[in-house]
Amino acid sequence: MNWIVSAENIKKADRSRVGGKGYALALLAKGGFAVSKTLCVTSETYQEYISRTGLRERIMLELNRKAFKDMRWEEIWDCATRIRNMFLRKSIPQEISAELKEAIRTAFKDKAVVVRSSSPEEDDAASSFAGLHESYVNIRGTDAILEHISKVWASLWSDAALLYRQEIGLDVKKSAMAVVIQEIVVGDKSGVAFSKNPNDASQGVIESVYGLNQGLVDGAVEPDRWILDRREKTILSHTPAERKYWIIAGESGVRLDALPDKLTNRPPLDAVEARHVFELALAAENYFKSPQDVEWTFRKSDLVVLQSRPITTLPNQKNGDNRSWYLSLHRSFENLKLLRQKIENELIPAMISAADQLARQEVTQLSDRDLATEINRRWEINQKWTNIYWEEFIPYAHGVRLFGQIYNDAIHPEDPYEFVDLLTRSEMASLERNQMLGDLANRVRNNPSLAKALSAGQTENLDPQFLEAVDRFVEKFGDLTCAVTGGTQCQQESDSLYKILLEMAAHPPPDIDRKPSKDKDALQEKFLSSFEGEQKKKAVELLDLARSSYRLRDDDNIYLGRIEAQLLAAVREARRRIDTNHHRRSGKKNAAQLIQVVESLDHRPPFQPPYEQKPDDGFVIQARQLIGQPAGPGLAKGPARVIQQTTDLAEFKHGEILICDAVDPNMTFVVPLAAGVVERRGGMLIHGAIIAREYGLPCVTGIPDVTTLIQNGDEVTVDGYLGIVTIGSSDL
Amino acid sequence: MEPTREIRNRLKELCNSQKLAVVSTQAGGQPYASLVAFVASDDLRSIFFVTARTTRKFANLKKDPRVAVLINSSTNEEADFHDAVSITATGTAEEIKDLEKDKVLTRYLAKHPYLEDFVYSPSCAVIEVTTQSYYMVQNFQKVMELHLDR
């Protein structure tokens, strides 16, 4: 079997084996275009690799844990992460790798190459995978090249590629990947050329940057742009870029650098060169008999073709092509660094001060009319911060994911979420809150008369020191049942807080999962030692960014919860007045205003009744074993506590399994009491999973309908290794 | 009478060609059948499978280790009635650990490489069924027994 072919030996019949890119390069070389030396690893090699290693079925098992349409983007990202790690850890069978190595060594000696995806599906005129699969520039040495072939294969299963193939209706089972390996051309200036402008058939377009064109392709470097007349081949317009950066080849890989001063004022192409590039694009169009999108580079005065493909219609939101959106899910390191500054220096302090300001205003003093106005004002403030949460904080969470990918690429760990261990033990606000709660519980534990008074509901003459500590806690974190996103069911008194404290005090304090710090230090050392020089500096920065991103993922909700609690406090006051005025004729008019405001805010999600075991035609169904994601390792058994509404949290008992729709950080105060955590919302990096990991509890996430399929008191077993939850005892 | 070597070869062939087997356990006199991915030892003295510890079959065989294992070549076609071969093995199940477990898993994963994540989960147990007898059914109703001398 020929696992790898040289461009000059590629025939028409090989088209589907070598993919769109590989085939176009072979044709260009045959047509006399200047193309650098090219080898192509066929799609059969990929097929053989996934069959022999068992990856074919492992991937399908991974993707079929639940219906694809039911997966949130985070869950798809998790699938993609696990699949990528499978490719990194499963080496290519020796018989195949020997042939690949031999061909690569012979063709390139020790020269650096570019390893590119060449998808057989890309031929399909309806689909354009541009940018969805990965390419790697400046890779040297057969082992490194082989590793990057695996990475290109894995990119067939990236979150963006999975979403896109699903959208355009391609069968994932049939997907395969060919890989193009090309000697690198380290050009002085590079770009793309469209032989025909998609927006005006009489024109062509050239875009160009200094250095390599990776910067242009992924949007990091702004290009100069020329519009040309197709017939006269003259320049109609030139739009210069703000030339600041270029992408250059490092020792291995590429890096973004500041453009030398002497180049910032000069366009990368002069008129003669631009015309030269355009003629190349026209020649490619003439050769392929269709308008072409050509990637090119100038090495000194030699113009070299990197690739050529037919111009596909531009991505169109109206046609439901969301490829650009899928690609935007991933943020670059540079982008995240800027976002971090904004969040840490501006947004978080502003958010805290907004909450403090609201807290200082006493709503009980306001007239009914002013209270109605105040509720609307608070609603708007809450809305503003909720929008910022979605637009700025949620994308920042990608810092954790970016780190995860870099970590896995460097380490190839057995557990693709090992990297999370380097991020935990951060000073998360919810852990600080749980710590304060633990201290309060300690006071109750060590003071039997206090415990007795609390159990009996005699809260009039409590120890002032204890009450002071409770006040400090409530001031900082709310009274637990109140500060829950989406909940408008606050309780007036601290009853729920006391209930939780009594329950905590009745049992020994939980062991927070403190892995010996030397393990974490060793892990950190293992990660950082796989980089050198500049790369190492970047790795240190990335780890720091990931820690901040991880911490914020939790803190932002706590801060947002504080703002929401202030809105709810105003609503609570309004409710109190409505109830009182109900019996008094005089206040009716103003009460109507309040009722209107309160009703317009009441957006509680409908209560989901548990599944009722009613015989249907003599049959009763019962869930026995449910499958989700293994989000926190461990095995635990206990009675289920199903959280349908936030008030249920106060009933939580030590040793129960927390079953809920979605754990938000404001709810995680019960986690120290829990034996395990199960969540409907899916993901490995969601709050429930994060907090469970911090306490070393088994956790399973992403089980559809879990809160209706499991009922309070059911005996459940959480298998956090496999991601399964078993209901009922093992007896028949 | 077929020589035992021939029957043994047929058994081996079937065990190698089939990926799945049905394992029967029981609790309180109530039989319970489960589908498992299995591998057999070359000498046919052991059949191995892997199960999560939270399953009924695992709870059952902890209480009563006697099991029956059905392996067959049917393809859900009419021709199965004359063509398919089916064997039932009876024996005793026991969880294996440590070095022996690693050896078995290497063999197991060579046959079922896609189950790698599953078998290495700490919540899974590797089970060895030490076989006592095989009952081979062919040609619809012909039954031959093979008893292991232990």
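Quick caveat: nothing in here was measured; it's all calculated off a predicted structure.

### Side note on the overall build of chain B
Okay, so step 1: A tally of helices and strands in chain B yields 5 helices and 7 strands.
Okay, so step 2: Listing the helices and strands of chain B from first to last along the sequence gives α-β-β-β-α-β-α-β-α-α-β-β.
Okay, so step 3: For chain B, whose C-alpha radius of gyration is 15 Å, the value lies close to the compact-globule estimate of 15 Å for 150 residues.
Okay, so step 4: The burial tally for chain B puts 48% of its 150 residues in the buried class.
Okay, so step 5: Counted over contacts in chain B with a minimum sequence separation of 6, partners at least 24 positions apart contribute 65%.
Okay, so step 6: With the model as given, the accessible surface of chain B reaches about 8,100 Å², and the carbon-plus-sulfur share is 50%.
Okay, so step 7: Measuring between centres, the 19 positive side-chain charges of chain B sit 5 Å from its 20 negative side-chain charges.

### Description of the confidence of the model for chain A
Okay, so step 1: In this model, chain A carries a mean pLDDT of 86, and residues with pLDDT of at least 70 account for 89%.
Okay, so step 2: For the stretch residues 483-492 of chain A, pLDDT sits under 50, and the model shows 36 contacts to residues farther than four places along the chain or on other chains.

### Quick look at the pattern of salt bridges
Okay, so step 1: Following the criterion strictly, the structure yields 51 salt bridges over all chains and no others.
Okay, so step 2: A salt bridge links E116(B) to R58(A); the shortest N-O distance between them is 3.8 Å. Of the two residues, E116(B) sits in helix 5 (residues 116-119) while R58(A) sits in helix 3 (residues 55-63), which places them in two different chains.
Okay, so step 3: Overall, the relative accessible area of 8% leaves R58(A) in the buried class.
Okay, so step 4: Because the salt bridges share partners, they merge into one network encompassing R84(A), E134(A), E147(A), K151(A) and D409(A).

### Side note on the nonpolar core
All names here are of chain A.
Okay, so step 1: One finds F393, F403, F419, F466, L501 and L658 to be the most contacted residues of the largest nonpolar core, which totals 87 residues.
Okay, so step 2: Take this core: its biggest share by element is 11 residues, from helix 20 (residues 533-581).
Okay, so step 3: Ignoring sequence-local partners within four residues, the contact set of F466 consists of L440, R443, V444, L450, L454, Y498 and L501.

### Here's the deal with the interface of chain B and chain A
Reports often express the size of an interface as the amount of accessible area lost when the parts come together.
Okay, so step 1: Each partner contributes to the interface: chain B provides 19 residues, whereas chain A provides 19 residues.
Okay, so step 2: Roughly 1,600 Å² of surface becomes buried between chain B and chain A when both sides are summed, with 61% attributable to carbon and sulfur atoms.
Okay, so step 3: Contact with chain A buries area across many residues of chain B, yet T54(B), R56(B) and Y114(B) alone supply 38% of it, more than any other trio.
Okay, so step 4: Where chain B touches chain A, the interface holds 3 salt bridges.
Okay, so step 5: Counting the contacts that link chain B with chain A gives 4 residue pairs in polar contact (both at pLDDT 80 or more).
Okay, so step 6: Secondary-structure elements contributing two or more residues to the side of chain B that touches chain A are strand 2 (30-40), helix 2 (56-63) and helix 5 of chain B.
Okay, so step 7: When grouped by side-chain class, the residues that make up the side of chain B that touches chain A number 10 nonpolar, 5 polar and 4 charged.

### Digging into a positive patch on the surface
All names here are of chain B.
Okay, so step 1: Taken together, R5, R8, R45 and R150 make up a surface patch of like positive charges.
Okay, so step 2: Assignment of secondary structure puts R8 in helix 1 (residues 4-17).
Okay, so step 3: Residue classification places R8 among the partly exposed residues on the basis of a relative accessible area of 39%.

Parameters at a glance
Residues numbered from 1 in each chain as written. Chains lettered and ligands numbered in written order. Predicted model: local features only at pLDDT ≥ 70, side-chain atom pairs only at ≥ 80, totals over all residues. Heavy atoms only, no water. Helix = DSSP H or I, 4+ residues; strand = E, 2+ residues; numbered from the N terminus. Rg over C-alpha atoms; globule rule 2.2 N^0.38 Å. Buried < 20%, exposed > 50% of the residue type's maximum accessible area, 1.4 Å probe, protein only. Contact = heavy atoms within 4.5 Å. Areas by Shrake-Rupley, 256 points an atom, 1.4 Å probe, with all protein chains shown as cover. Lys, Arg positive; Asp, Glu negative; His and termini not counted. Charge placed at Lys NZ, Arg CZ, Asp CG, Glu CD. pLDDT = per-residue confidence, 0-100. Salt bridge = Lys/Arg side-chain N within 4 Å of Asp/Glu carboxyl O. Core = buried A, V, L, I, M, F, W, Y, C linked by side-chain atoms within 4.5 Å. Buried area = accessible area lost by both parts, 1.4 Å probe. Polar contact = N/O pair within 3.5 Å; in protein donor to acceptor, adjacent residues only side chain to side chain. Nonpolar A, V, L, I, M, F, W, Y, C, P; charged D, E, K, R; others polar. Patch = residues over 30% accessible without salt bridge, like charges linked within 9 Å, V, L, I, M, F, W, Y side chains within 5 Å.

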